[in-house]
Amino acid sequence: MEKFRSPDESGRLLVCFDFEGSYGMPHNTPYDLDAGVRRILDSLARYQARAIFFVVGRLAEEHPHIVSALADAGHEIGLHGYDHDDLASYDEQRLARLDDDLARVESRIEEIAGVRPGCFRAPYLLAPHFYRPEVYTMLRTHGYRWVSNREVRYPVELLQPDRFPVHGAWRRRSTGAPRLIHRPLVLALLNAGLVTHEVFGRSPADRLRWLLGRRAPFIRDGLVEVPLYAPLDCDLIGSPSPHSDTPPETLAYARAVVRAAAVAPGALTMVTFHDWIVSAGNRLVLLDDALATASEAGMAISTVAANPHWLPAVA
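Let us look at the structure shown here. The structure presented is a predicted model; accordingly, all values stated were derived computationally and were not measured. (Residues numbered from 1 in each chain as written. Predicted model: local features only at pLDDT ≥ 70, side-chain atom pairs only at ≥ 80, totals over all residues. Heavy atoms only, no water.)

1. Points about the overall build of the protein chain
- Across its full length, the protein chain holds 13 helices and nine strands.
- In terms of overall size, the protein chain behaves like a compact globule, its C-alpha atoms giving a radius of gyration of 19 Å where 315 residues would be expected to give roughly 20 Å.
- Considering only C-alpha atoms, the protein chain reaches an extent of 55 × 50 × 40 Å along its principal axes.
- For the protein chain, buried positions account for 52% of its 315 residues.
- As displayed, the protein chain offers around 14200 Å² of accessible surface, 53% of which is attributable to carbon and sulfur atoms.
- Seen as two clouds, the 34 positive and the 39 negative side-chain charges of the protein chain have centres 8 Å apart. (Helix = DSSP H or I, 4+ residues; strand = E, 2+ residues; numbered from the N terminus. Rg over C-alpha atoms; globule rule 2.2 N^0.38 Å. Buried < 20%, exposed > 50% of the residue type's maximum accessible area, 1.4 Å probe, protein only. Areas by Shrake-Rupley, 256 points an atom, 1.4 Å probe, with all protein chains shown as cover. Lys, Arg positive; Asp, Glu negative; His and termini not counted. Charge placed at Lys NZ, Arg CZ, Asp CG, Glu CD.)

Written out as C-alpha cells, the structure reads:
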C-alpha cells in the first residue's frame, strides 16, 4: 500500500463555500437549503474535513439553525456580504448601511457559534478590481483577519467542453487523463490586468513573478488576502439550476480540474464551491473528489481558524 506523506510535507487545502442559498442563485426556483447543507456536511464528515463557509449575512439571520449546524460540526464561518450585492458599486450611504448590517450579523453569529467571523469574501469578489479600500477599511475595523477576493484566471478554464465543442478534446488519448494547461504565457495573458493594475507588490514585474510563482497570500490594508488557487465551480460548469444535472462531459472535465487543484503543489491551495451548485443535481461528486484526492495525498484539510499559522501574520 502506498505510503502517503504527512500533512506538513504534502501541503494544506482550504475547502471553501460561498454559502448563498437563494440570495446568490440566479434562478427563480425553490431550493431546499436544509437538504443541501446536510449533503455537504455529510460529505465533509466522511473525510473528517473542516471547511470554511462564507455565509450571506441575511441568510445567517433568517436561518440561525444553519449557522449552528456549521459551527457544531467544527467548520469556520465567515461572511459573504449581507444581501449578496455588488459591493464595488455601493455609494457612501449603502456602505454605511452595510457597516451596520455586518455588525449586527457578526454579533448574532458570535451568539450562536461562540466566535465572531474572522474572514470575508465579497459577493462577485469586488470585481472588476477585486479590491476596494473603503470595504477593506471597514472589514479591518470589524476585526476581520483575512479576505479572499483576488481572482486569478486559470488556463484550464479555456478547455471547458461547452466552450471547446470537440468531444474529448481535453483528454489525453493514451490514458484519458485531463490535458490541463500550465503554460506561463497563457497564465500571464489571462491575468494581464492583475499584473498591470493590481495594488500589491512594488511593480508589475513583482506581480508577474507572484503570478508565475506560488501566489502566496499577501497583506494589504492590514488584512491577509488569500487568492483563489483554482477556478470556482461556476467557472467550470456555469450556473446550473438546482433541479438540473450537469452534462456528463462537462462534469467529467470539472472533476478532473478539481482533483488536480486539491493536490496542487505548494504550501497552500484552495477549492471553492457554491452550496446551490455542488449540493444539487449530480454535482456532489465534485466535493467528494476534492476531499478523497486530498485525503489520499495526505493533505491537511482544515481551516484558518484552527491553523492561524497557515497565513502570514499582520503587523
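2. A closer look at unusual backbone geometry
- Proline 128 follows alanine 127 through a cis peptide bond whose omega is 10 degrees.
- With a phi close to 60 degrees, leucine 125 is a non-glycine residue in the positive phi region.
- Counting through the fold element by element, leucine 125 comes out in the loop between β4 (119–120) and α6 (133–141).
- Positive phi outside glycine occurs at leucine 126, with the angle close to 60 degrees.
- Inspection of the secondary structure assignment puts leucine 126 in the loop between β4 and α6.

3. Comments concerning the packing of aromatic side chains
- Counted according to the given criterion, the structure contains nine aromatic pairs.
- A ring pair is formed by phenylalanine 200 and tryptophan 210, whose centres lie 4.9 Å apart and whose planes are at 70 degrees; its orientation type is edge-to-face. One end of the pair, phenylalanine 200, is in the loop between α8 (192–197) and α9 (204–212); the other, tryptophan 210, is in helix α9, with 10 residues separating them in the sequence. Accessibility classification places phenylalanine 200 together with tryptophan 210 in one group, the buried group.
- An aromatic cluster of three or more residues is present, and its members are Phe17, Phe19, Phe53 and Phe273. (Phe/Tyr/Trp six-rings, centres within 6.5 Å; stacked < 30°, edge-to-face > 60°.)

4. Digging into the side chain of arginine 283
- For arginine 283, the location among the structural elements is in the loop between α12 (275–278) and α13 (284–296).
- The side chain of arginine 283 sits in the buried core without any salt bridge; aspartate 245 is the nearest counter-charge, 5.2 Å away.
- Of note is the side chain of arginine 283, whose polar atom sits 2.8 Å from the backbone oxygen of isoleucine 277.
- In contact with arginine 283, other than residues within four places in its own chain, are Ile237, Pro240, Ser241, Pro242, Ser244, Asp245, Thr246, Leu251, Ile277 and Val278. (Salt bridge = Lys/Arg side-chain N within 4 Å of Asp/Glu carboxyl O. Polar contact = N/O pair within 3.5 Å; in protein donor to acceptor, adjacent residues only side chain to side chain. Contact = heavy atoms within 4.5 Å.)

5. A look at the packing of helix α4 (residues 64–72) against helix α5 (residues 92–113)
- Between α4 and α5, the least distance of the axes is 9 Å, while the angle of their chain directions is 55 degrees. Considering the angle they form, α4 stands oblique to α5. As for how α4 packs across α5, the hand of that crossing is right-handed. Touching Pro64, Val67, Ser68 and Ala71 of α4 are Arg108, Ile109, Ile112 and Ala113, all from α5.
- Looking at the contact of α4 with α5 residue by residue, the classes come out as six nonpolar, one polar and one charged. (Axes fitted to C-alpha atoms, helices over the stretch in contact; angles between N-to-C directions. Parallel < 35°, antiparallel > 145°, perpendicular 65-115°, else oblique. Left-handed = near helix turned anticlockwise from the far one by under 90°. Nonpolar A, V, L, I, M, F, W, Y, C, P; charged D, E, K, R; others polar.)

6. Some words on the pattern of salt bridges
- Counted according to the given criterion, the structure contains 20 salt bridges.
- A salt bridge links arginine 153 to glutamate 157; the nearest nitrogen and oxygen atoms lie 2.3 Å apart.
- Judged by relative accessible area, which is 4%, glutamate 157 ranks as buried.
- Several salt bridges converge on common partners, so that one network encompasses Arg150, Glu198, Arg220 and Glu225.

7. Concerning α6
- Along α6, the residues classified as buried are Val135, Tyr136, Met138 and Leu139. Burial along α6 is one-sided: seen end-on, the buried residues are contained in an arc of 160 degrees.
- Where α6 is buried, its residues touch α5, β4, β5 (146–147), β6 (218–220) and β7 (223–225).
- A positive phi of about 95 degrees marks glycine 143, the residue just after α6. (Arc of directions from axis to C-beta.)

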